[in-house]
Amino acid sequence: MKDVEMKMLERAKQLLESGEVARVIGWKKGEFFYDPTPASFETVDELKDFVYDWFCGANLSKYLIQMSKKEGKTAVFLKPCDTYSFNQLVKEHRIKRENVYVIAVECLAKLNIEAIKEKTDGIVKSVDVEDKDVKVVTTNGEYTLYKPEVVLSKCAVCNKTHQAKDEEIILHERPERDVNRFEEVEKLEAMTEDERFAFWKGQLSKCIRCNACRNVCPACSCVKCVFDNPHSGIAAKANDSEFEEQLFHVIRAFHVAGRCTDCGECSRVCPQHIPLHLLNRKFIKDIDGLYGEFQAGETDEGKTPLTSYTEGDIEPKDVFNGEAK
Amino acid sequence: MQEVSTEKKEFVPNIVAFCCNWCSYAGADLAGSSRLSYPANVKIIRVPCSCRVNPTFVLKAFQQGADGVILCGCHPGDCHYVTGNYYTRRRMALLFSFLNYMGIEKERTRVEWVSAAEGARFSAVMNDFVKTVTALGENKRLTDLRVKEGE
Ligand code: SF4
Ligand code: SF4
């Protein structure tokens, strides 16, 4: 990963120095080594904090909504999954494509620090990756973890490839793997209604309505959101008995149905560890099964399943008869 | 001290029926003028087209105490606005399947196509839906999806 980081840094410097772009969006050092944060670099000097490592899971596409409207070009580093969100935002006319220079960067799955902390004792001091081994040093000792067990949940089932790029920096290819991203959804589908309700009630009642999932979601890009608008009839901050409070997740999940690229950012940022991606994956699975396979963000044009139809579409009541679809 | 009645009151469900102006609402009208009965606990909300029904309308109805929600529109192909009900069909298929995934009984939601000439069908559909929801009992789930245990 260090070699890739060096190349990226070099390229960022060139682009800024030559004036080809006005800013570069990437990741910069966070407070701890495992929490790099998205950042915009406008000068070569600012690039001293630039990082690209095993913890750069954050999706940078959403920042382009604002950045692509600024003066001058914006260069951005996008991982495979990020390019889907990027395309989707271009399609929704939220990003000005002509103002963006996309540099596709490799990703060999990103690590989940929470999972690492759970599997180790003491304070994490350093993390190194060697193929499938994750070497962790903590104040209590050294550990070797199996990488597939400590990657972000979105990376565990990812087989995505870059769908948008103006140039690429790829030194190592991630081999294609056999993954079934619907496995967890299928498990839930196989439960009884009562069990499913108990599961979701248990999960959703942990929610503190911090809005992080909405804020990070590239599909949630409305300028005015019903959850913020006191006149919408469904907004009521921190009020447990109000409509929006109880049905926040259902409303949000439906709102992004057909547009959610399965980028997994919602689950990554949730401080309560609610498996939010399982909500939208259900919509994705149903859409695939009922209306034909569809991957949001694969292209930046065309209709989405919810803005189109066919005359022979299945009747809602038959969706249940055919068992869990 | 007041006696507490142990006798259970018969459960009468609250049903919300979204009916499109051009077909189903007219069908309900026809049922009325043909003196065909449908249960009085069906609250009809007239909408210009079934596709006017935003999923949040359905959710709000449940959250405000509906025990069952039914959407009625023109038969596919007969929409007054040509294609509105095709969109409804996809939306509701996905929404209802999703609600069931969250543990909401699938019998509480329904979509039926009723034309302006189908008064008898309107009455039959409503009677059947009310019967189904009555058998299910009160809807508690969608009102308290996020209320913590023991509250
Ligand atoms: S990020 Fe998690 S806790 Fe915050 S609003 Fe979303 S679901 Fe709730
Ligand atoms: S709902 Fe979650 S997985 Fe889907 S686009 Fe939004 S953040 Fe990504």
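Use the structure listed above.
Computed from a predicted model, the values in this text were never measured in an experiment.

1. With respect to empty space enclosed by the protein
Residues and elements named next belong to chain A.
Part 1 of the argument: Overall, the coordinates contain four cavities of 30 Å³ or more when judged by the stated rule.
Part 2 of the argument: Each pocket or cavity is described by its volume, and for the largest cavity that value is around 150 Å³.
Part 3 of the argument: Lining the largest cavity are 17 residues, with Cys217, Pro218, Cys260, Thr261 and Cys263 positioned closest to its centre.
Part 4 of the argument: Put simply, the parts of the chain that give the lining of the largest cavity at least two residues each are helix 3 (80-91) and helix 11 (277-291).
Part 5 of the argument: Examining the composition of the lining of the largest cavity, we find that three residues originate from one element, helix 3, more than from any other.
Part 6 of the argument: Of the residues belonging to the lining of the largest cavity, the class tally is eight nonpolar, six polar and three charged.
Part 7 of the argument: Residue-level mapping places the lining of the largest cavity at the junction of two domains, with at least three residues from each of domain 1 (1-109 + 158-177) and domain 3 (180-325).
Part 8 of the argument: Residue lining of the second largest cavity: Cys207, Ile208, Arg209, Cys210, Asn211, Cys213, His249, Cys270, Pro271, Gln272, Ile274 and Leu276, and that is the complete set.
Part 9 of the argument: In terms of residue class, the lining of the second largest cavity is made up of eight nonpolar, three polar and one charged.

2. What about the site of ligand 1?
Residues and elements named next belong to chain A.
Part 1 of the argument: Surveying the vicinity of ligand 1 reveals 13 residues, the closest of which are Cys207, Cys210, Asn211, Cys213 and Cys270.
Part 2 of the argument: When each cavity is represented as a set of grid points, ligand 1 is found to reside in the second largest cavity.
Part 3 of the argument: The class makeup of the residues in the shell around ligand 1 is nine nonpolar, three polar and one charged.

3. Considering the site of ligand 2
Residues and elements named next belong to chain A.
Part 1 of the argument: Neighbouring ligand 2 are Cys217, Pro218, Arg252, Val256, Cys260, Thr261, Asp262, Cys263, Gly264, Glu265, Cys266 and Asn280.
Part 2 of the argument: When atoms are counted within 2 Å of each cavity's grid points, the one that captures over half of ligand 2 is the largest cavity.
Part 3 of the argument: A per-class count over the shell around ligand 2 returns six nonpolar, three polar and three charged.

4. Regarding the packing of helix 2 (residues 55-63) of chain B against helix 3 (residues 84-101) of chain B
All names here are of chain B.
Part 1 of the argument: Helix 3 packs onto helix 2 with a crossing angle of 35° between their chain directions and a minimal axis gap of 11 Å. Helix-helix and strand crossings are classified by hand; for helix 2 and helix 3 the assignment is right-handed. In this structure, helix 2 uses Pro55, Val58 and Leu59 to contact helix 3, whose residues at the interface are Met92, Leu95, Phe96 and Leu99.
Part 2 of the argument: Along the lines of polarity and charge, the residues of the contact of helix 2 with helix 3 split into seven nonpolar, no polar and no charged.

5. Things to note about the pattern of salt bridges
Part 1 of the argument: Applying the stated criterion across every chain yields a total of 23 salt bridges over all chains.
Part 2 of the argument: Across the pair A:Arg281 and A:Asp262 runs a salt bridge, and its minimum N-O distance is 3.0 Å. Within this pair, whereas A:Arg281 is found in helix 11, its partner A:Asp262 is found in the loop between helix 9 (243-255) and helix 10 (265-269), the two being separated by 19 residues in sequence. Neither residue differs from the other here; A:Arg281 and A:Asp262 are each classed as buried.
Part 3 of the argument: Of the charged contacts in the structure, one is a salt bridge between B:Arg108 and B:Glu105, with a shortest N-O distance of 2.9 Å.
Part 4 of the argument: Sharing partners across several salt bridges, the network here consists of B:Arg110, B:Glu112, B:Glu118, B:Arg121 and B:Asp128.

6. A closer look at the sheet that holds strand 2 (residues 42-47) of chain B
Residue and element names in this part refer to chain B.
Part 1 of the argument: One open sheet accounts for four strands, arranged 2-1-3-4; its pairing is parallel. Two strands bound the open sheet, and with one partner strand each, they are strand 2 and strand 4 (109-113). On average, each strand axis in the sheet is tilted by 20° relative to the strand beside it, whichever way the strands run.
Part 2 of the argument: As paired strands, strand 1 (residues 15-20) and strand 3 (residues 68-73) are joined by five bridges and run parallel to one another. Bridge pairing in strand 3 links Cys19 to Cys72.
Part 3 of the argument: In the packing of helix 1 (residues 24-33) onto the sheet, the strands contacted are strand 1, strand 2 and strand 3, and the crossing angle to strand 1 comes to about 110°.
Part 4 of the argument: Sitting on the sheet, helix 4 (residues 119-136) touches strand 1, strand 2, strand 3 and strand 4, and the angle it makes with strand 4 is about 170°.

What counts, and where the lines are drawn
- Residues numbered from 1 in each chain as written.
- Chains lettered and ligands numbered in written order.
- Predicted model: local features only at pLDDT ≥ 70, side-chain atom pairs only at ≥ 80, totals over all residues.
- Heavy atoms only, no water.
- 1 Å grid on protein atoms, 1.4 Å probe; cavity = no way out; pocket = protein on both sides within 12 Å on 5 of 7 lines; lining within 4 Å.
- Points joined across faces, edges and corners; volume = space filled by probe spheres on them.
- Helix = DSSP H or I, 4+ residues; strand = E, 2+ residues; numbered from the N terminus.
- Nonpolar A, V, L, I, M, F, W, Y, C, P; charged D, E, K, R; others polar.
- Domains from an automatic or database assignment.
- Near = heavy atom within 4 Å.
- Sits in = over half its atoms within 2 Å of the grid points.
- Axes fitted to C-alpha atoms, helices over the stretch in contact; angles between N-to-C directions.
- Left-handed = near helix turned anticlockwise from the far one by under 90°.
- Contact = heavy atoms within 4.5 Å.
- Salt bridge = Lys/Arg side-chain N within 4 Å of Asp/Glu carboxyl O.
- Buried < 20%, exposed > 50% of the residue type's maximum accessible area, 1.4 Å probe, protein only.
- Pairing = 2+ DSSP bridges.

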